[in-house]
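# Understanding the architecture of this molecule
Now for the letters of each chain:
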Amino acid sequence: MHFQELKAFYQGKKVFLTGHTGFKGAWLSLILQMMGAKCTGYALKEEPGALFSLLNLEKGMHSIEGDVRDYDHLRKAMQEVEPELVFHLAAQPLVRESYLFPRETYETNVMGTVNLLEAVRHCPSVRSVLNVTTDKVYENPDQEGHAFTEDEKLDGHDPYSNSKSCSELLTHSYQKSFFSEDSAYGKGKKFLPRISTARAGNVIGGGDFAKDRIIPDCVRKSIKGEPIGIRNPYSVRPYEHVLEPLFVYLEIVARQAGEGGKQFAGYYNVGPELSDAITTGALAELFVEFWGENASWENQAEPNAPHEAGFLQLSTEKLKKVFGWQPRYTVKEAVEKTVDWYKAWHRGEDLRKFSEAQVLAFASEGRN
(Lines give C-alpha, C1' and ligand atoms only; values in the text may rest on other atoms or scores of the structure.)
Protein backbone atom coordinates (compact mmCIF):
# COMPACT_ATOMS: atom_id res chain seq x y z
CA MET A 1 0.00 0.00 0.00
CA HIS A 2 1.25 3.46 -0.88
CA PHE A 3 1.40 6.27 1.68
CA GLN A 4 -1.80 7.89 0.44
CA GLU A 5 -3.66 4.55 0.60
CA LEU A 6 -2.49 4.04 4.17
CA LYS A 7 -3.40 7.61 5.05
CA ALA A 8 -6.89 7.14 3.64
CA PHE A 9 -7.31 4.03 5.79
CA TYR A 10 -5.93 5.45 9.06
CA GLN A 11 -7.58 8.87 8.79
CA GLY A 12 -9.91 9.16 11.77
CA LYS A 13 -9.34 5.58 12.97
CA LYS A 14 -9.02 4.93 16.71
CA VAL A 15 -5.60 3.38 17.32
CA PHE A 16 -4.23 1.99 20.59
CA LEU A 17 -0.44 1.78 20.71
CA THR A 18 1.58 0.30 23.57
CA GLY A 19 5.20 1.39 23.95
CA HIS A 20 4.60 4.70 22.19
CA THR A 21 7.32 6.50 24.16
CA GLY A 22 10.03 4.11 22.96
CA PHE A 23 12.19 4.50 19.85
CA LYS A 24 10.01 2.60 17.37
CA GLY A 25 6.84 3.64 19.16
CA ALA A 26 7.69 7.32 18.78
CA TRP A 27 8.32 6.98 15.04
CA LEU A 28 5.06 5.05 14.66
CA SER A 29 3.21 7.71 16.66
CA LEU A 30 4.61 10.37 14.33
CA ILE A 31 3.45 8.51 11.22
CA LEU A 32 -0.02 7.87 12.65
CA GLN A 33 -0.35 11.56 13.49
CA MET A 34 0.72 12.46 9.96
CA MET A 35 -2.01 10.12 8.68
CA GLY A 36 -4.70 11.71 10.85
CA ALA A 37 -5.32 8.73 13.16
CA LYS A 38 -6.93 9.24 16.57
CA CYS A 39 -4.04 7.72 18.46
CA THR A 40 -3.87 6.70 22.11
CA GLY A 41 -0.53 5.60 23.53
CA TYR A 42 0.02 3.47 26.62
CA ALA A 43 3.58 3.27 27.98
CA LEU A 44 6.02 4.06 30.73
CA LYS A 45 7.06 7.68 31.03
CA GLU A 46 9.66 8.54 28.42
CA GLU A 47 13.31 8.91 29.34
CA PRO A 48 14.64 12.52 29.47
CA GLY A 49 15.66 13.64 25.99
CA ALA A 50 13.83 10.73 24.32
CA LEU A 51 12.56 10.92 20.75
CA PHE A 52 8.94 11.14 21.93
CA SER A 53 9.70 14.44 23.66
CA LEU A 54 12.05 15.73 20.96
CA LEU A 55 9.25 15.44 18.39
CA ASN A 56 6.64 16.93 20.75
CA LEU A 57 4.38 13.97 20.05
CA GLU A 58 2.24 14.22 23.17
CA LYS A 59 0.37 17.21 21.74
CA GLY A 60 -0.92 15.14 18.83
CA MET A 61 -2.28 12.14 20.74
CA HIS A 62 -3.76 10.90 23.99
CA SER A 63 -0.79 9.66 26.03
CA ILE A 64 -1.44 7.38 29.01
CA GLU A 65 1.35 6.62 31.46
CA GLY A 66 1.04 2.96 32.35
CA ASP A 67 2.79 -0.40 32.63
CA VAL A 68 1.64 -3.37 30.53
CA ARG A 69 2.23 -5.53 33.61
CA ASP A 70 -0.74 -3.74 35.22
CA TYR A 71 -3.64 -5.64 33.66
CA ASP A 72 -6.50 -3.78 35.32
CA HIS A 73 -5.16 -0.38 34.29
CA LEU A 74 -4.40 -1.53 30.74
CA ARG A 75 -7.82 -3.11 30.27
CA LYS A 76 -9.61 -0.02 31.63
CA ALA A 77 -7.60 2.28 29.36
CA MET A 78 -8.42 0.21 26.28
CA GLN A 79 -12.12 -0.05 27.11
CA GLU A 80 -12.37 3.70 27.59
CA VAL A 81 -10.75 4.36 24.20
CA GLU A 82 -12.66 1.64 22.27
CA PRO A 83 -9.97 1.34 19.59
CA GLU A 84 -10.39 -0.37 16.25
CA LEU A 85 -6.68 -1.06 15.75
CA VAL A 86 -4.00 -2.15 18.23
CA PHE A 87 -0.20 -2.12 17.90
CA HIS A 88 1.71 -3.85 20.71
CA LEU A 89 5.29 -2.55 20.91
CA ALA A 90 5.81 -2.27 24.68
CA ALA A 91 8.77 -4.43 25.74
CA GLN A 92 12.05 -4.72 27.57
CA PRO A 93 14.05 -4.67 24.32
CA LEU A 94 17.72 -5.11 25.28
CA VAL A 95 19.61 -8.43 25.29
CA ARG A 96 22.21 -7.40 27.86
CA GLU A 97 19.58 -5.85 30.11
CA SER A 98 17.73 -9.17 30.06
CA TYR A 99 20.76 -10.95 31.53
CA LEU A 100 20.77 -8.45 34.39
CA PHE A 101 17.00 -8.42 34.95
CA PRO A 102 15.55 -11.68 33.59
CA ARG A 103 12.43 -11.77 35.79
CA GLU A 104 11.43 -8.21 34.86
CA THR A 105 12.10 -9.01 31.19
CA TYR A 106 9.75 -12.01 31.26
CA GLU A 107 7.13 -10.11 33.22
CA THR A 108 7.06 -7.32 30.64
CA ASN A 109 7.50 -9.31 27.44
CA VAL A 110 5.39 -12.36 28.31
CA MET A 111 2.77 -11.27 30.85
CA GLY A 112 2.59 -7.85 29.20
CA THR A 113 1.49 -9.61 26.00
CA VAL A 114 -0.99 -11.79 27.90
CA ASN A 115 -2.46 -8.66 29.49
CA LEU A 116 -2.69 -6.91 26.13
CA LEU A 117 -4.49 -9.85 24.49
CA GLU A 118 -6.82 -10.24 27.48
CA ALA A 119 -7.69 -6.56 27.22
CA VAL A 120 -8.40 -7.06 23.51
CA ARG A 121 -10.58 -10.08 24.32
CA HIS A 122 -12.80 -7.87 26.46
CA CYS A 123 -12.89 -4.94 24.04
CA PRO A 124 -15.37 -5.69 21.20
CA SER A 125 -14.40 -2.59 19.20
CA VAL A 126 -11.00 -4.07 18.22
CA ARG A 127 -10.74 -5.34 14.65
CA SER A 128 -7.00 -5.75 14.07
CA VAL A 129 -3.99 -6.44 16.33
CA LEU A 130 -0.25 -6.65 15.68
CA ASN A 131 2.23 -8.00 18.23
CA VAL A 132 5.75 -6.80 17.38
CA THR A 133 8.45 -9.27 18.42
CA THR A 134 11.99 -9.70 17.05
CA ASP A 135 14.25 -11.55 14.63
CA LYS A 136 15.82 -13.26 17.66
CA VAL A 137 12.84 -15.54 18.40
CA TYR A 138 14.32 -18.47 16.49
CA GLU A 139 16.49 -21.28 17.85
CA ASN A 140 19.78 -20.16 16.34
CA PRO A 141 22.65 -22.64 15.88
CA ASP A 142 24.77 -19.90 14.23
CA GLN A 143 24.60 -21.63 10.86
CA GLU A 144 26.32 -19.27 8.42
CA GLY A 145 24.34 -18.56 5.28
CA HIS A 146 21.02 -19.72 6.75
CA ALA A 147 18.07 -17.32 6.60
CA PHE A 148 15.25 -18.15 9.00
CA THR A 149 11.75 -18.71 7.63
CA GLU A 150 8.60 -18.17 9.69
CA ASP A 151 7.89 -21.89 10.20
CA GLU A 152 11.18 -22.67 11.99
CA LYS A 153 11.49 -23.51 15.67
CA LEU A 154 11.04 -20.65 18.15
CA ASP A 155 13.49 -20.85 21.06
CA GLY A 156 15.55 -17.72 21.67
CA HIS A 157 18.69 -18.23 23.77
CA ASP A 158 18.95 -15.23 26.12
CA PRO A 159 16.07 -14.04 28.36
CA TYR A 160 15.11 -11.22 25.97
CA SER A 161 15.01 -13.45 22.88
CA ASN A 162 13.35 -16.31 24.74
CA SER A 163 10.70 -14.04 26.25
CA LYS A 164 9.86 -12.84 22.75
CA SER A 165 9.62 -16.47 21.59
CA CYS A 166 7.13 -16.99 24.41
CA SER A 167 5.25 -13.87 23.31
CA GLU A 168 4.96 -15.34 19.82
CA LEU A 169 3.70 -18.71 21.06
CA LEU A 170 1.12 -17.27 23.42
CA THR A 171 -0.14 -14.97 20.64
CA HIS A 172 -0.66 -18.03 18.43
CA SER A 173 -2.50 -19.74 21.31
CA TYR A 174 -4.80 -16.76 21.88
CA GLN A 175 -5.52 -16.57 18.17
CA LYS A 176 -6.57 -20.24 18.06
CA SER A 177 -8.32 -20.29 21.44
CA PHE A 178 -10.18 -16.99 21.49
CA PHE A 179 -10.07 -15.29 18.07
CA SER A 180 -11.04 -18.17 15.79
CA GLU A 181 -14.50 -19.11 14.57
CA ASP A 182 -13.61 -22.73 15.46
CA SER A 183 -13.06 -21.91 19.13
CA ALA A 184 -15.82 -21.99 21.74
CA TYR A 185 -15.16 -18.31 22.39
CA GLY A 186 -15.51 -17.45 18.71
CA LYS A 187 -18.71 -19.31 17.89
CA GLY A 188 -21.53 -16.93 17.08
CA LYS A 189 -19.35 -13.82 17.12
CA LYS A 190 -20.18 -11.28 14.41
CA PHE A 191 -16.54 -10.28 14.11
CA LEU A 192 -13.34 -11.58 15.66
CA PRO A 193 -10.23 -9.39 15.65
CA ARG A 194 -7.47 -10.55 13.32
CA ILE A 195 -4.06 -10.94 14.95
CA SER A 196 -0.55 -11.08 13.48
CA THR A 197 3.01 -11.01 14.75
CA ALA A 198 5.95 -9.30 13.07
CA ARG A 199 9.55 -10.41 13.62
CA ALA A 200 11.67 -7.42 12.71
CA GLY A 201 15.41 -7.34 12.09
CA ASN A 202 17.92 -5.08 13.82
CA VAL A 203 16.43 -1.61 13.48
CA ILE A 204 18.49 1.56 13.13
CA GLY A 205 17.41 5.15 12.65
CA GLY A 206 17.46 8.61 14.13
CA GLY A 207 16.34 9.14 17.70
CA ASP A 208 17.53 5.91 19.29
CA PHE A 209 19.46 6.76 22.45
CA ALA A 210 19.43 3.35 24.17
CA LYS A 211 22.57 1.97 25.76
CA ASP A 212 24.28 -1.10 24.32
CA ARG A 213 23.03 -0.44 20.79
CA ILE A 214 25.46 0.04 17.95
CA ILE A 215 24.26 3.32 16.40
CA PRO A 216 23.65 5.24 19.64
CA ASP A 217 27.09 4.12 20.82
CA CYS A 218 28.60 5.33 17.53
CA VAL A 219 26.93 8.72 17.88
CA ARG A 220 27.95 9.23 21.51
CA LYS A 221 31.59 8.35 20.85
CA SER A 222 31.86 10.36 17.64
CA ILE A 223 30.46 13.51 19.24
CA LYS A 224 33.12 13.17 21.94
CA GLY A 225 35.82 12.59 19.31
CA GLU A 226 36.58 9.15 20.74
CA PRO A 227 37.01 5.85 18.83
CA ILE A 228 33.87 3.71 18.67
CA GLY A 229 34.38 0.44 20.53
CA ILE A 230 32.68 -2.51 18.80
CA ARG A 231 32.08 -5.54 21.03
CA ASN A 232 31.07 -8.03 18.34
CA PRO A 233 32.54 -6.76 15.05
CA TYR A 234 32.17 -10.09 13.23
CA SER A 235 28.52 -10.74 14.12
CA VAL A 236 26.20 -10.66 11.09
CA ARG A 237 22.83 -8.94 11.56
CA PRO A 238 19.87 -7.97 9.33
CA TYR A 239 20.15 -4.20 9.86
CA GLU A 240 17.30 -2.09 8.45
CA HIS A 241 16.04 1.48 8.75
CA VAL A 242 13.29 1.95 11.34
CA LEU A 243 10.76 3.10 8.71
CA GLU A 244 10.99 -0.25 6.87
CA PRO A 245 9.24 -2.36 9.53
CA LEU A 246 6.91 0.45 10.62
CA PHE A 247 5.34 0.72 7.18
CA VAL A 248 5.00 -3.07 7.14
CA TYR A 249 3.24 -2.95 10.52
CA LEU A 250 0.86 -0.30 9.21
CA GLU A 251 0.03 -2.39 6.16
CA ILE A 252 -0.51 -5.63 8.08
CA VAL A 253 -2.92 -3.96 10.51
CA ALA A 254 -4.77 -2.22 7.69
CA ARG A 255 -5.02 -5.27 5.44
CA GLN A 256 -6.27 -7.66 8.08
CA ALA A 257 -8.85 -5.15 9.35
CA GLY A 258 -10.65 -4.98 6.03
CA GLU A 259 -12.91 -7.23 3.99
CA GLY A 260 -11.22 -10.56 3.41
CA GLY A 261 -8.64 -9.56 6.00
CA LYS A 262 -8.47 -12.98 7.61
CA GLN A 263 -6.13 -14.18 4.86
CA PHE A 264 -3.52 -11.59 5.89
CA ALA A 265 -3.40 -12.58 9.57
CA GLY A 266 -0.28 -14.57 10.36
CA TYR A 267 3.37 -14.12 11.34
CA TYR A 268 5.94 -12.35 9.23
CA ASN A 269 9.67 -11.73 9.11
CA VAL A 270 10.60 -8.13 8.29
CA GLY A 271 14.18 -7.51 7.24
CA PRO A 272 16.54 -6.35 4.50
CA GLU A 273 17.62 -8.24 1.42
CA LEU A 274 20.02 -11.06 2.32
CA SER A 275 22.86 -9.15 0.65
CA ASP A 276 22.30 -6.30 3.12
CA ALA A 277 22.82 -8.44 6.24
CA ILE A 278 26.32 -7.31 7.23
CA THR A 279 28.73 -7.55 10.13
CA THR A 280 28.60 -5.06 12.96
CA GLY A 281 32.10 -3.96 11.99
CA ALA A 282 30.93 -3.22 8.44
CA LEU A 283 28.02 -1.22 9.85
CA ALA A 284 30.45 0.79 11.98
CA GLU A 285 32.56 1.41 8.89
CA LEU A 286 29.53 2.81 7.05
CA PHE A 287 28.73 5.03 10.02
CA VAL A 288 32.29 6.37 10.06
CA GLU A 289 32.09 7.05 6.31
CA PHE A 290 28.93 9.14 6.59
CA TRP A 291 29.73 10.84 9.89
CA GLY A 292 33.19 12.02 8.80
CA GLU A 293 34.91 14.45 11.14
CA ASN A 294 37.67 11.92 11.87
CA ALA A 295 35.26 9.37 13.31
CA SER A 296 36.80 5.92 13.80
CA TRP A 297 36.08 2.54 15.33
CA GLU A 298 38.12 -0.19 16.96
CA ASN A 299 37.67 -3.83 17.84
CA GLN A 300 36.83 -4.19 21.53
CA ALA A 301 35.65 -7.80 21.49
CA GLU A 302 34.89 -9.13 24.97
CA PRO A 303 36.16 -12.69 25.53
CA ASN A 304 33.69 -13.40 28.37
CA ALA A 305 30.70 -11.44 27.09
CA PRO A 306 27.16 -12.81 27.53
CA HIS A 307 26.08 -15.04 24.65
CA GLU A 308 24.75 -13.35 21.52
CA ALA A 309 24.28 -15.10 18.18
CA GLY A 310 27.12 -14.65 15.73
CA PHE A 311 25.04 -15.03 12.57
CA LEU A 312 21.44 -13.98 11.95
CA GLN A 313 19.54 -13.55 8.70
CA LEU A 314 15.84 -13.51 7.88
CA SER A 315 13.98 -14.76 4.84
CA THR A 316 11.30 -12.26 3.86
CA GLU A 317 9.84 -14.31 1.00
CA LYS A 318 6.50 -14.72 2.78
CA LEU A 319 6.12 -10.96 3.23
CA LYS A 320 6.97 -10.41 -0.43
CA LYS A 321 4.51 -13.05 -1.59
CA VAL A 322 1.56 -11.99 0.57
CA PHE A 323 1.94 -8.21 0.32
CA GLY A 324 4.09 -7.70 -2.78
CA TRP A 325 6.54 -5.94 -0.47
CA GLN A 326 10.12 -4.89 -1.21
CA PRO A 327 12.56 -3.09 1.13
CA ARG A 328 13.10 0.52 0.05
CA TYR A 329 16.58 1.23 1.43
CA THR A 330 19.81 -0.68 1.13
CA VAL A 331 21.79 -0.95 4.35
CA LYS A 332 24.09 1.79 3.10
CA GLU A 333 21.14 4.12 2.51
CA ALA A 334 19.74 3.19 5.93
CA VAL A 335 22.95 4.23 7.64
CA GLU A 336 23.14 7.45 5.60
CA LYS A 337 19.58 8.46 6.56
CA THR A 338 20.32 7.60 10.18
CA VAL A 339 23.46 9.73 10.28
CA ASP A 340 21.58 12.58 8.59
CA TRP A 341 19.07 12.57 11.46
CA TYR A 342 21.69 12.62 14.21
CA LYS A 343 23.59 15.40 12.44
CA ALA A 344 20.36 17.44 12.37
CA TRP A 345 19.83 16.68 16.07
CA HIS A 346 23.40 17.72 16.88
CA ARG A 347 22.94 20.98 14.93
CA GLY A 348 19.77 21.80 16.86
CA GLU A 349 17.40 21.68 13.87
CA ASP A 350 13.61 21.37 14.09
CA LEU A 351 13.46 17.58 14.55
CA ARG A 352 9.71 17.28 14.06
CA LYS A 353 10.00 18.90 10.65
CA PHE A 354 13.13 16.92 9.78
CA SER A 355 11.57 13.59 10.85
CA GLU A 356 8.37 14.22 8.92
CA ALA A 357 10.48 14.96 5.84
CA GLN A 358 12.29 11.64 6.29
CA VAL A 359 8.95 9.82 6.51
CA LEU A 360 7.65 11.44 3.32
CA ALA A 361 10.94 10.82 1.50
CA PHE A 362 10.87 7.16 2.49
CA ALA A 363 7.25 6.82 1.40
CA SER A 364 8.00 8.24 -2.03
CA GLU A 365 11.27 6.42 -2.75
CA GLY A 366 11.91 2.98 -4.16
CA ARG A 367 14.98 0.79 -3.97
CA ASN A 368 17.79 2.07 -6.21
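Described in the following lines is the structure provided in the data block. Not measured: the values here are computed from a predicted model. (Residues numbered from 1 in each chain as written. Predicted model: local features only at pLDDT ≥ 70, side-chain atom pairs only at ≥ 80, totals over all residues. Heavy atoms only, no water.)

## A short note on the overall build of the protein chain
What the protein chain contains, in helices and strands, is 13 helices and 13 strands. Since a compact globule built from 368 residues should have a radius of gyration of about 21 Å, the 20 Å found for the protein chain is in line with a globular shape. Summarising its shape, the C-alpha atoms of the protein chain cover approximately 65 × 45 × 40 Å along the three principal directions. A total of 368 residues make up the protein chain; the buried ones form 57% of that total. Restricting the contact set of the protein chain to residue pairs at least 6 apart, pairs at least 24 apart contribute 81%. (Helix = DSSP H or I, 4+ residues; strand = E, 2+ residues; numbered from the N terminus. Rg over C-alpha atoms; globule rule 2.2 N^0.38 Å. Buried < 20%, exposed > 50% of the residue type's maximum accessible area, 1.4 Å probe, protein only. Contact = heavy atoms within 4.5 Å.)

## Comments concerning the packing of aromatic side chains
Here the structure, examined in full by the defined rule, presents 18 aromatic pairs. Geometrically, the ring pair formed by Y342 and W345 is edge-to-face, given 6.2 Å between the ring centres and 85° between the ring planes. One end of the pair, Y342, and the other, W345, are both in helix α12 (residues 331–347), three residues apart, so they sit about a helical turn from each other. Against the face of Y268 rests K318, its NZ or CZ located 4.9 Å from the ring centre. Its guanidinium or amino end placed over the ring of F362, R328 lies 5.2 Å from that ring's centre, counting from NZ or CZ. (Phe/Tyr/Trp six-rings, centres within 6.5 Å; stacked < 30°, edge-to-face > 60°. Lys NZ or Arg CZ within 6 Å of the ring centre and 35° of its normal.)

## Remarks on the pattern of salt bridges
Charged atoms that come close allow side chains of opposite charge to pair. Counted under the stated rule, the structure contains 21 salt bridges. Linking E273 and K320 is a salt bridge whose minimum nitrogen-to-oxygen distance equals 2.9 Å. Of this pair, E273 sits in the loop between β11 (267–270) and β12 (278–279) while K320 sits in helix α11 (residues 317–323); the two residues are 47 residues apart in sequence, bridging distant segments of the chain. As far as burial versus exposure is concerned, E273 and K320 are alike and both buried. Its salt-bridge partner being K332, residue E289 comes within 3.8 Å of it at the nearest N-O pair. You can see E289 sitting in helix α10 (residues 280–291) and its partner K332 sitting in helix α12, a full 43 residues away along the chain. On the accessibility criterion, E289 (46% relative accessible area) is partly exposed. Through salt bridges with shared partners, a single ionic network connects D67, R69, R103, E104 and E107. (Salt bridge = Lys/Arg side-chain N within 4 Å of Asp/Glu carboxyl O.)

## Brief notes about the sheet that holds strand β4 (residues 85–88)
Pairing is parallel in the open sheet, where seven strands are placed in the order β3-β2-β1-β4-β5-β6-β11. A strand with exactly one partner marks an edge of an open sheet, and here the two such strands are β3 (62–65) and β11. This sheet shows a mean twist of 15° between the axes of neighbouring strands, independent of strand direction. Pairing between strand β5 (residues 128–132) and strand β6 (residues 194–200): five bridges, direction parallel. (Pairing = 2+ DSSP bridges. Axes fitted to C-alpha atoms, helices over the stretch in contact; angles between N-to-C directions.)

## Things to note about the packing of helix α9 (residues 243–257) against helix α13 (residues 351–364)
Relative orientation of the contacting elements α9 and α13 amounts to 70°, with a least axis distance of 11 Å. Between α9 and α13, the angle falls in the class roughly perpendicular. For the pair α9 and α13, the contacting residues are L243, E244 and F247 in the first and Q358, V359, F362 and A363 in the second. (Parallel < 35°, antiparallel > 145°, perpendicular 65-115°, else oblique.)

## With respect to the side chain of N115
Mapped onto the elements of the fold, N115 is located in helix α6 (residues 102–121). Residue classification places N115 among the buried residues on the basis of a relative accessible area of 8%. Not counting chain neighbours up to four residues away, the residues in contact with N115 comprise V68, R69, D70, Y71 and L74.

## A short note on the nonpolar core
Core analysis: the largest hydrophobic core is formed by 76 residues, its most contacted members being Y10, W27, F87 and F247. The greatest single-element share of this core, amounting to ten residues, is contributed by α9. Residues within four places of Y10 in sequence aside, it is in contact with V15, L32, M35, G36, A37, L85, F87, Y249, L250, V253 and A254. Counting 23 residues, the second largest nonpolar core, distinct from the first, contains I64, V86, A90 and C123. (Core = buried A, V, L, I, M, F, W, Y, C linked by side-chain atoms within 4.5 Å.)

## Things to note about the environment of L54
Mapped onto the secondary structure, L54 falls in helix α3 (residues 51–54). On a C-alpha basis, the gap between L54 and P227 in space is 27 Å, while along the polypeptide they are 173 residues apart. Filtering out sequence-adjacent residues up to four positions away, L54 remains in contact with G49, F209, W341, W345 and L351.

## A short note on unusual backbone geometry
Residue D142 is not a glycine yet carries a positive backbone phi of 60°. Mapping D142 onto the fold places it in the loop between β5 and α7 (159–178). With relative accessibility at 34%, the residue D142 sits in the partly exposed group. One non-glycine residue with positive phi stands out, namely N294, at about 65°. By the secondary structure assignment, N294 is in the loop between α10 and β13 (297–299).

## Brief notes about the environment of H241
Turning to its location among the elements, H241 is positioned in strand β10 (residues 239–241). A relative accessible area of 2% places H241 in the buried class. When neighbours within four sequence positions are excluded, H241 is seen to be in contact with V203, I204, G205, Y329, A334, K337, T338 and Q358.

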